[in-house]
Amino acid sequence: MAANITDVSDNNFQAEVLENDKPVLVDFWAPWCGPCRMVAPALEQIASERDDLRIVKLNTDENQQTAIQYQVLAIPTMILFKNGQEVTRIQGAKPKKGIEADIEPALA
């Protein structure tokens, strides 16, 4: 995992995501998920290029409570939180440009 992407869990989701000053893109993923692994390099690139956004990963196998709370029914799902609220949801693997196109309006 890239140094600029951190793991979050059910235990620290509130503090790391909902109470964060920056917008936070949460990657809901699992180690066995091929499409999740395909999207990881794009997220690492985005994280290294942007100072206005934090990217974190939540392993849905180990943190089912948060996944259920946000009704994550398929992975990969990426949810952008801003000021503690969900503002954008991306389902399925997308290339870097597709992810950026989906989150950019909410970050502007």
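Residues numbered from 1 in each chain as written. Predicted model: local features only at pLDDT ≥ 70, side-chain atom pairs only at ≥ 80, totals over all residues. Heavy atoms only, no water.

**Let's talk about the side chain of Thr66**
Just so we agree on the cut-off: Here a strand is any run of E in DSSP of at least two residues, a helix any run of H or I of at least four, and the numbering for each starts at the N terminus. Note on contacts: a residue pair is in contact if any heavy atoms of the two residues lie within 4.5 Å.
Turning to its location among the elements, Thr66 is positioned in helix H3 (residues 64-69). Ignoring any residue separated from it by four or fewer positions in sequence, one finds Thr66 in contact with Asp10, Phe13, Phe28 and Leu58.

**Remarks on the state of the cysteines**
Let me state the cut-off plainly: Only a pair of cysteine sulfur atoms within 2.5 Å counts as a disulfide in this structure description. Using a 1.4 Å probe on the protein chains alone, a residue whose accessible area is under 20% of its type maximum counts as buried, one over 50% counts as exposed, and one in between counts as partly exposed.
If you walk through the whole model with that rule in mind, you get one disulfide. Between the sulfur atoms of Cys33 and its disulfide partner Cys36 the distance amounts to 2.3 Å. Judged by the sign of its S-S torsion, about 80°, the bond between Cys33 and Cys36 is right-handed. Across this residue pair, the class does not change: Cys33 and Cys36 are buried.

**What to know about the UniProt feature "site: Deprotonates C-terminal active site Cys" (unreviewed entry) in the protein**
Test applied: UniProt positions are given in the numbering used here, feature names are shortened, and annotations may be inferred rather than shown by experiment.
When the UniProt feature table is mapped to this numbering, "site: Deprotonates C-terminal active site Cys" (unreviewed entry) covers Asp27. Residue position: Asp27 is located in strand S2 (residues 24-29). According to the relative accessible area criterion, Asp27 is buried, its value standing at 0%. With near-sequence residues (within four places) excluded, Asp27 lies in contact with Val39, Leu43, Val56, Lys57, Leu58, Pro76, Thr77 and Met78.

**Observations concerning the UniProt feature "active site" (unreviewed entry) in the protein**
Under the UniProt annotation, "active site" (unreviewed entry) lies at Cys33 and Cys36. Tracing the backbone shows Cys33 in the loop between S2 and helix H2 (34-49). Excluding residues within four positions of it along the chain, Cys33 makes contact with Ile75 and Pro76. By the secondary structure assignment, Cys36 is in helix H2. Overall, Cys36 belongs to the buried group, its relative accessible area being 1%. Aside from chain neighbours lying at most four places away, what touches Cys36 is Phe28, Trp29, Ala30, Ile75 and Pro76.

**Regarding unusual backbone geometry**
Put simply, Ile75 and Pro76 share a cis peptide bond, and its omega is 0°. Mapped onto the elements of the fold, Pro76 is located in the loop between H3 and strand S4 (77-82). A positive phi is found at Gln71, a non-glycine position, where the angle reads about 55°. By secondary structure assignment, the location of Gln71 is in the loop between H3 and S4. The exposed category is assigned to Gln71, whose relative accessible area is 59%. Of note in the backbone geometry, Asn83 takes a positive phi value of approximately 55° without being a glycine. For Asn83, the location among the structural elements is in the loop between S4 and strand S5 (85-91). By relative accessible area, Asn83 is classed as exposed at 64%.

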